[in-house]
Amino acid sequence: MINKKKVAFYTLGCKLNFSETSTIARNFTNEGFDRVDFEEVADIYIINTCSVTENADKQFKQVVKKAMKLNDKAFVVAVGCYAQLKPEDLASVDGVDLVLGATEKFKITDYINDLSKNDRGEVHSCEIEEADFYVGSYSIGDRTRAFLKVQDGCDYKCTYCTIPLARGISRSDALENVLKNAYEISQQGIKEIVLTGVNIGDYGKGEFGNKKHEHTFLDLVKALDEVDGIERLRISSIEPNLLKNETIEFVSQSRTFVPHFHIPLQSGSNEILGKMKRRYQREVYAERVAKIRELMPHACIGVDVIVGFPGETDAHFLETYHFLNDMDISYLHVFTYSERDNTEATEMEGIIPMNIRSKRSKMLRGLSVKKRRVFYESQIGSKRTVLFEGENKEGYIHGFTENYVKVKTPWNPELVNTLHEIKLTHIDEDGAVRMEFCEISNYKLS
């Protein structure tokens, strides 16, 4: 009997990375490898890297150490954004055997012929201009919801961002292929699909290898709404200038798209937005939020914001703080600015000391807690539909409503990956919302 080689995966970073890791893992399974959990002893460990923040870089080294403790003879492969940006740096990390760039990561098995440990990692990395073709991917089997990649790369030139250098130009999956993948996901019994990409509002550009849009993001949304078997569709992060009123209006009447939007702001100061080379001003952002609230008062609205960008004075930061405080949003994702090589921002004057960056970050994280609490309180007493997750956390099962309220109820394995109509009753000490089933007789797998 031939022993199958065991392969384990670890993903750092965004939903897009998770969708790609899952696709790479399926390729390994199809070629006869046995996929195991990263906590187990494996012959090959594959780490999908991120380079959005300095912390993600540090995490990579920690994950490599973890793999080496499990099996110091294992073959370690690095792929992803950091592998494209800093391949030699990753190759020099003790334990790393192979580093693959943006165009090579979907062909890992072609590079794994000899699993002998190397003294230094071998690098196969393209020039980012060569990353001009599209590889579709989606995640299944890893989580209750699936991440469906619809777009990759970015043509924006934000002065703090390395993603265009790591992923290349904006390009999209063919609409027909997106719909095929969505249907395949639905046939696996998965109840929710999250659309993901680098700049998903730019969907349609590069769909058939050309720059013009064959389809728009609204075309994509309308087509996906017609796919049989999908219970829920969720839009991940989308730029405010690309979130058109027509899309908001369609989602408000949609069969499957849920009332949850995550819209990057980055700064509430128009002057700082200009330095960041963002493609909107704060007035546009406020208009988008107002439109969502007009049509979907119960919608959840998440916001990305960066603190400590070069030149951000106390006055600029307070502009951001008050802008967010006054706006009807639901939560914040706060990022402390960190210098990234080969970005314009590193050449700018007005570097903010780390202690001030940390203080500003803490203030906005506190605001986020307040905003989420106010949003949750506004939902108490309402009836929602919850999709339950698969983990037993201290005797409770958690889930999310269509408008992204986190709920909890005593653990019951029969609830995993099922949808139920519930009534939100009160907020628990841990911030999750307690609930009661609207009809206990509906306690059925859905």
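You'll find the structure just up there.
Residues numbered from 1 in each chain as written. Predicted model: local features only at pLDDT ≥ 70, side-chain atom pairs only at ≥ 80, totals over all residues. Heavy atoms only, no water.

1. Let's talk about the pattern of salt bridges
A complete count under the given rule lists 30 salt bridges for this structure. Glu-20 is the partner of Lys-105 in a salt bridge, and the nearest nitrogen-oxygen pair spans 3.0 Å. With Lys-105 in the loop between strand S5 (98-100) and helix H5 (108-111) and Glu-20 in helix H1 (residues 15-30), this residue pair connects regions lying 85 residues apart in the sequence. The buried category is assigned to Glu-20, whose relative accessible area is 0%. Put simply, Lys-149 and Glu-20 hold a salt bridge, and the shortest N to O gap is 2.7 Å. (Salt bridge = Lys/Arg side-chain N within 4 Å of Asp/Glu carboxyl O. Helix = DSSP H or I, 4+ residues; strand = E, 2+ residues; numbered from the N terminus. Buried < 20%, exposed > 50% of the residue type's maximum accessible area, 1.4 Å probe, protein only.)

2. Considering the nonpolar core
Ranked by internal contacts, the top residues of the largest apolar core, which has 50 residues, are Leu-148, Leu-195, Leu-220, Leu-224, Ile-292, Leu-324 and Leu-364. Per-element accounting of this core gives the leading share, five residues, to helix H8 (residues 217-224). Ignoring any residue separated from it by four or fewer positions in sequence, one finds Leu-148 in contact with Ser-137, Tyr-138, Val-178, Asn-181, Ala-182, Ile-185, Ile-193, Val-194, Leu-195 and Thr-196. Residues Val-64, Met-68, Ala-78 and Val-93 belong to the second largest nonpolar core, which totals 23 residues. (Core = buried A, V, L, I, M, F, W, Y, C linked by side-chain atoms within 4.5 Å. Contact = heavy atoms within 4.5 Å.)

3. A few points about the pairing of strand S18 (residues 419-427)
Here strand S15 (residues 383-393) pairs with S18 via five bridges, running antiparallel. Directly across from Thr-385, in S18, lies its bridge partner Glu-421. Sheet analysis places S18 next to strand S19 (residues 433-437), joined by five bridges and oriented antiparallel. Its bridge partner being in S19, Ile-422 is matched across the sheet by Phe-437. Joining the antiparallel neighbours S18 and S19 is a turn of five residues, in which Gly-431 adopts a positive phi near 95 degrees. (Pairing = 2+ DSSP bridges.)

4. Some remarks on the sheet that holds strand S14 (residues 331-336)
In spatial order, the strands read S12-S13-S14; together these three strands make up an open sheet with parallel pairing. With partners counted over all chains shown, the strands left at the sheet margins are strand S12 (260-266) and S14, one partner each. Strand-to-strand twist of the sheet, defined as the mean angle between neighbouring strand axes without regard to direction, takes the value 20 degrees. Pairing geometry for S12 and strand S13 (residues 300-307), over six bridges, is parallel. Its bridge partner being in S13, His-262 is matched across the sheet by Gly-302. The sheet strands contacting helix H12 (residues 314-326) are S12, S13 and S14, and the helix crosses S13 at an angle near 175 degrees. (Axes fitted to C-alpha atoms, helices over the stretch in contact; angles between N-to-C directions.)

5. A closer look at the packing of helix H9 (residues 245-253) against helix H11 (residues 282-295)
It is at 10 Å that the axes of H9 and H11 come closest, and there the two elements cross at 25 degrees. Taken together, H9 and H11 sit at an angle that is classed as roughly parallel. Every pair of crossing elements has a handedness; the one defined by H9 and H11 is right-handed. Each of Asn-245, Ile-248, Glu-249 and Ser-252 in H9 lies in contact with H11, whose residues at this interface are Arg-288, Lys-291, Ile-292 and Leu-295. Taken together, the residues of the contact of H9 with H11 sort by class into three nonpolar, two polar and three charged. (Parallel < 35°, antiparallel > 145°, perpendicular 65-115°, else oblique. Left-handed = near helix turned anticlockwise from the far one by under 90°. Nonpolar A, V, L, I, M, F, W, Y, C, P; charged D, E, K, R; others polar.)

6. Some points on the sheet that holds strand S10 (residues 192-196)
Spatial strand order, S7-S10-S11: three strands in an open sheet with parallel pairing. Here the strands that pair on one side only, and so sit at the sheet edges, are strand S7 (145-149) and strand S11 (232-235). Ignoring which end each strand starts from, the neighbouring axes of this sheet average 25 degrees apart. Direction of pairing for S10 relative to S11: parallel, over a ladder of four bridges. Note on S11: the bridge partner recorded for Ile-193 is Leu-233. The strands touched by H1 are S7 and S10; relative to S7, the strand with the most contacts, the crossing angle is about 95 degrees.

7. Digging into the side chain of His-398
Within the secondary structure layout, His-398 lies in strand S16 (residues 396-401). If we ignore the near neighbours within four places in the chain, the residues touching His-398 are Phe-388, Glu-389, Lys-393, Lys-406, Val-407, Lys-408, Asp-430 and Ala-432.

8. With respect to the packing of aromatic side chains
Applying the stated criterion to the full structure yields 13 aromatic pairs. Ring geometry for Phe-28 versus Phe-33: centroids 4.9 Å apart, planes at 70 degrees, classification edge-to-face. Judged by relative accessible area, which is 1%, Phe-28 ranks as buried. Arranged with centres 6.3 Å apart and planes meeting at 90 degrees, the rings of Phe-60 and Tyr-82 form a pair that is edge-to-face. Taken together, the positions of Phe-60 in helix H2 (residues 54-70) and Tyr-82 in helix H3 (residues 81-85) put the pair 22 residues apart, joining distant regions of the chain. For Tyr-82, a relative accessible area of 8% puts it in the buried group. Connected via pairs of aromatic rings, a cluster forms that spans Phe-9, Phe-28 and Phe-33. Above the ring of Tyr-138, the side-chain terminus of Arg-26 is found at 4.3 Å from the ring centroid. Here Lys-408 stacks its cationic end above the ring of Tyr-396, 4.0 Å away from the centre of that ring. (Phe/Tyr/Trp six-rings, centres within 6.5 Å; stacked < 30°, edge-to-face > 60°. Lys NZ or Arg CZ within 6 Å of the ring centre and 35° of its normal.)

9. Topic: the state of the cysteines
For the coordinates displayed, the defined rule picks out zero disulfides. Left unpaired, Cys-154 is separated from the closest cysteine sulfur, that of Cys-158, by 6.4 Å. Judged by relative accessible area, Cys-154 falls into the buried class, the value being 12%. (Disulfide = S-S within 2.5 Å.)

10. With respect to unusual backbone geometry
Positive phi values are uncommon outside glycine, yet Glu-394 reaches one of about 55 degrees. Among the structural elements, Glu-394 can be located in the loop between S15 and S16. A positive phi angle is found at Asn-417, which is not glycine, with a value near 60 degrees.

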